[in-house]
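Each chain, written out:
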Amino acid sequence: MDEDGFSWKEEGRKKVFDCAIFSIRESYCRSARAGLRAYTVIDASDWVIVVPVLETAQGKKFVMARQWRHGSGCQTLEFPGGVCESGEDPAQAAAREMLEETGYRPGSLRRLGALSPNPAIMSNRAHVFLAENLIDTGRTEFDPDEYVETELVAIEDAMRGMGRPPYVHALMGSALLYYLQDSRVVPPASQ
């Protein structure tokens, strides 16, 4: 155990709730400073977010998904994404989710990074990918309760709108930042 009390060691856990998309557990952790405490943790599968860039006659555009979000009670405009299925590699999940939600297949797919959606209470990761050289299959495959409209959005419009309706999903802002930080998009700062 860490002697400065900054780190915690889990000594036990108990599942307190389980549903189709996540479970909740109590994690019993000890630190040198605080002793034994119980913390609530949400366990969910890893997620993927795909930043699809389509070359058009009007310039590069994002392929985005407009859909209803029950948690916020509003429509959002997001990059395609979703849950990694059991045993599925994040890159495979990214290609599958993009195809299902937009009908576009990535010609190339590159990992931009991964982040913790809310490390205070969630154990999963969100993996962000850049998809380019897109192939329009003309076919989508929505889940039974999924209603999605595909929209082509100018990159500048998404950048200006991020954080305001309909661009309110916080993880989309993080995915956009990964896209902007990518060395092929923003040159590294001179030293």
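Up top is the structure.
The rules behind these values
- Residues numbered from 1 in each chain as written.
- Predicted model: local features only at pLDDT ≥ 70, side-chain atom pairs only at ≥ 80, totals over all residues.
- Heavy atoms only, no water.
- Helix = DSSP H or I, 4+ residues; strand = E, 2+ residues; numbered from the N terminus.
- Buried < 20%, exposed > 50% of the residue type's maximum accessible area, 1.4 Å probe, protein only.
- Contact = heavy atoms within 4.5 Å.
- Areas by Shrake-Rupley, 256 points an atom, 1.4 Å probe, with all protein chains shown as cover.
- Lys, Arg positive; Asp, Glu negative; His and termini not counted.
- Charge placed at Lys NZ, Arg CZ, Asp CG, Glu CD.
- Salt bridge = Lys/Arg side-chain N within 4 Å of Asp/Glu carboxyl O.
- Phe/Tyr/Trp six-rings, centres within 6.5 Å; stacked < 30°, edge-to-face > 60°.
- Expected span 1.5 Å × (residues − 1).
- Arc of directions from axis to C-beta.

Draft legend 1. Broad picture of the overall build of the protein. On a plain count of helices and strands, the protein comes out with three helices and 12 strands. Each principal axis of the C-alpha distribution contributes one length, and for the protein these read about 60 × 50 × 30 Å. Within the span of the protein, comprising 191 residues, buried residues form 38% of the whole. Residue pairs in contact within the protein that sit at least 24 positions apart in sequence constitute 57% of those at least 6 positions apart. Approximately 11,200 Å² of the protein is accessible, and the part contributed by carbon and sulfur atoms is 51%. Taking the 21 positively charged and 28 negatively charged side chains of the protein as two groups, their mean positions are separated by 5 Å.

Draft legend 2. Main features of the pattern of salt bridges. A full pass over the atoms with the stated rule returns 13 salt bridges. Between Arg 96 and Glu 100 there is a salt bridge whose closest N-O contact spans 3.4 Å. Here Arg 96 pairs with Glu 100, and both are found in helix 1 (residues 90-102), just four residues apart, close to one helical turn. A residue is classified by how much of its surface remains accessible, and Arg 96, at 18% relative accessible area, is buried. A network of salt bridges, in which partner residues are shared, links Glu 85, Glu 88, Arg 96, Glu 97 and Glu 100.

Draft legend 3. Inspection of the environment of Arg 111 at higher detail. In this fold, Arg 111 is placed in strand 9 (residues 108-115). Apart from residues no more than four positions distant in its own chain, Arg 111 is found in contact with His 127, Val 128 and Phe 129.

Draft legend 4. Expanded view of the packing of aromatic side chains. Tallied over the full model, the rule gives four aromatic pairs. Judged by centre distance (5.3 Å) and plane angle (75 degrees), the rings of Trp 8 and Tyr 39 are edge-to-face. Highlighted residues: Trp 8 in the segment before strand 1 (9-18) and Tyr 39 in strand 3 (residues 35-43), separated in sequence by 31 residues. Here Phe 17 and Phe 22 contribute two aromatic rings whose centre-to-centre distance is 6.0 Å and whose plane-to-plane angle is 40 degrees, an arrangement assigned as tilted. What makes Phe 17 partly exposed here is its relative accessible area of 40%. With relative accessibility at 26%, the residue Phe 22 sits in the partly exposed group. Three or more aromatic residues link up through ring pairs in this structure, and these residues are Phe 62, Phe 79 and Tyr 179.

Draft legend 5. View of helix 3 (residues 170-181). In this model helix 3 runs 17 Å from its N-terminal to its C-terminal C-alpha over 12 residues, within 8% of the 16 Å that 1.5 Å per residue would give. Among all positions in helix 3, only Leu 171, Met 172, Ala 175, Leu 176 and Tyr 179 are buried. For helix 3, the angular spread of the buried residues around the axis is 145 degrees, confining them to a single face. In helix 3, the exposed positions angled more than 90 degrees off the buried face are occupied by Ala 170 and Gln 181.

Draft legend 6. Spotlight on the side chain of Lys 61. Inspection of the secondary structure assignment puts Lys 61 in strand 5 (residues 59-69). Asp 157 provides the closest opposite charge to the buried, salt-bridge-free Lys 61, at an N-O distance of 7.1 Å. Once residues lying within four places of it in the same chain are set aside, the contact partners of Lys 61 are Pro 52, Val 53, Leu 54, Thr 56, Leu 152, Val 153, Ala 154 and Ile 155.

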